[in-house]
Amino acid sequence: MQKTKYIFVIGGVMSGVGKGITAASIGRIFKNYGFRTSAIKIDAYINVDAGTMNPIEHGEVFVTEDGDETDQDIGNYERFLDVDLFSTNYMTTGRIYLSVIEKERNMGYKGRCVQVVPHIPMEIVSRIKAAAEKTKAEVMLVEIGGTVGEYENILFLDAARMMKLDNPEDVSFVLVSYLPVPSHLGEMKTKPTQHAARMLNNSGIQPDFIVARGKGELDKPRREKLAFFCWLQSKEDVISAPDVESIYDIPSVFEKQKFGHLLAKRMKMKLNRPHKSAEWDQFILKMKSAKKSVKIAMVGKYFATGNFTLADSYISVIQAVKHAAWSQGAEAEMTWIDSEDYEKDPKKLKELSAYDAVIVPGGFGTRGIEGIISVIQYARENNLPYLGLCYGMQLATIEFARNVLGIKDAHTVEVNAKTKNPIIHINPQQAQNVSHNRYGGTMRLGAYDCDLEEGSKVAKLYDAKKISERHRHRYEFNNDYREAINKAGLKIVGTNKEQNLVEIVELKNHPFFVGTQFHPELKSRPTHAHPLFVGLIKAALK
Ligand code: GLN
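All values reported here derive from a predicted model rather than from experimental measurement. (Residues numbered from 1 in each chain as written. Predicted model: local features only at pLDDT ≥ 70, side-chain atom pairs only at ≥ 80, totals over all residues. Heavy atoms only, no water.)

The next thing to look at is the overall build of the chain. Broken down by element type, the chain carries 20 helices and 21 strands. A compact globule built from 542 residues would reach a C-alpha radius of gyration of about 24 Å, and the chain, at 25 Å, matches this within 12%. For the chain, the spread of C-alpha atoms along the principal axes amounts to about 75 × 60 × 50 Å. When burial is assessed residue by residue, the chain has 58% of its 542 residues classed as buried. Taking the contacts inside the chain whose residues are at least 6 apart along the sequence as the reference set, 73% of them involve residues at least 24 apart. Counting only carbon and sulfur atoms, one obtains 52% of the accessible surface of the chain, whose full area is about 23200 Å². (Helix = DSSP H or I, 4+ residues; strand = E, 2+ residues; numbered from the N terminus. Rg over C-alpha atoms; globule rule 2.2 N^0.38 Å. Buried < 20%, exposed > 50% of the residue type's maximum accessible area, 1.4 Å probe, protein only. Contact = heavy atoms within 4.5 Å. Areas by Shrake-Rupley, 256 points an atom, 1.4 Å probe, with all protein chains shown as cover.)

Looking at the element boundaries, Pro 192 is found in helix 7 (residues 191-202). Overall, Pro 192 belongs to the partly exposed group, its relative accessible area being 29%. With sequence-adjacent residues up to four places away left out, Pro 192 is seen in contact with Val 13 and Pro 180.

On to helix 3 (residues 72-81). Burial within helix 3 is extensive, with 10 of its 10 residues counted as buried. Residues of helix 3 that are buried: Gln 72, Asp 73, Ile 74, Gly 75, Asn 76, Tyr 77, Glu 78, Arg 79, Phe 80 and Leu 81. For helix 3, the N-terminal capping position is held by Asp 71, with its side-chain oxygen 2.9 Å away from the main-chain nitrogen of Asp 73. Looking one or two residues beyond helix 3, the residue adopting positive phi is Asp 82, at roughly 55°. (Polar contact = N/O pair within 3.5 Å; in protein donor to acceptor, adjacent residues only side chain to side chain.)

Our focus in this paragraph is the site of the ligand. If you check the shell around the ligand, you find Gly 362, Gly 363, Phe 364, Cys 390, Tyr 391, Gln 394, Glu 414, Arg 472, His 473, Arg 474, Tyr 475 and His 519 and nothing else. Note that an oxygen atom of the ligand is positioned 3.0 Å from one of the backbone N or O atoms of Tyr 391. Contact between the ligand and Arg 472: a nitrogen atom at 2.9 Å from a main-chain N or O atom of the residue. Its free accessible area being 300 Å², the ligand has 99% of it covered by the protein chains. If you map the ligand onto the pockets, it falls in the second largest pocket. At the level of elements, helix 16 (391-403) and strand 17 (466-473) are the ones that each hand at least two residues to the shell around the ligand. (Near = heavy atom within 4 Å. 1 Å grid on protein atoms, 1.4 Å probe; cavity = no way out; pocket = protein on both sides within 12 Å on 5 of 7 lines; lining within 4 Å. Sits in = over half its atoms within 2 Å of the grid points.)

In structure tokens:
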């Protein structure tokens, strides 16, 4: 095993240009070289985690095995690196301050004056090292959220600077910057990136490499200009990163420019291990050769807010659908449908016949719920393959109770606290959390075991008797209705034995109708499509 090498990925010019994917892609390159690789995401906000943030503002909350509510980039890392990450792989300003203050209150600083500098950067450094230790990473990617020049991330940059000072050979810095093409000029401009590099210098950091994001390929004169004005060692240290069709193409875009070798050389790493790239290469081949198309309707609320936020809020579901489709030689065409449309005009439900399958992803609250229930009824009655994720499972049981068992007022207490038939209810502990406004980190979170019913469709798909999946919800299926729905054909095929909880339902005599209380999408990887999504896609292709 090699001593941990840290690669800090820092953004310049503006956010949203792909720092996370850059870090993930560099990570994949080192994994393919045979190194144990992990990644850390740093978010500069005061929130302790992403769990309490509005999904439209923040995008998806990605849940780790150990139940941390993190940023979507953690999901990108897990997908690219094909490893599990933990709470230690994620930090926010809020989390750092909280632990420093707690430590101070417990006399952890032995009576010394505790100061922003050096104690906050020191806490950051110790967390970065602890994450490397926990994951036994030989290469650790550290993505610092936001862009240089923001007041918020100065202390994180300072921590990075300190680490470089201590071990210059073990740390390198990658600046991911954006090169705009102003429409009246029609050419890529390097000046904003030059300023970003200068700004980074002000924090005591000299970038080793610049990843030049832009619409198109970087040309020779601009590459030279950037290397010269940003004080890089050579023009090869500027990596061109044009827009590409798929995020999964980026490792190979980097490899064509020898980025991995250059990084390794800078950190004095020996690249003499047998390569382990077969799995990844195979996946890329499958992705490129997908020919058929499969049409998936994604139904929920929030969807009227425009495509950008939408894709961000459900990034893991989108990726899981794509992975499964590629594994079956197909390209997924996803259409977002706002369930409120069907509340206004139920006749529109017929439009669903144009799709090969329906997914209802997770969600919260009241808006659009009746529309979703009518979509589930349509899927159930018309043999349209259906996958319900968390809320999508809960609402499927409500639909079934109402329309098959004839329990007209069946509901979830999340929407109707007074219903006489709470098919979905809340346990006393969770009810306490809600009534005392204890929202942060209190849902049922992270990995739980689930026993599968022998002979069920899902047991066959998983090819297992026991599985483990990740959760993020407050409400649960009410066991009082277990027997009735089971008897009527919505089979309970997955349960958590320890807490006696319903985890998976599956409809008898239907091509594919499955609801999961957990979020299977969180464990789908490009190199290992998730069995339930594969099941849905297979049924859809029939
Ligand atoms: N709102 C539901 C609950 O809290 C479902 C949550 C979800 O879909 N993630 O139980």
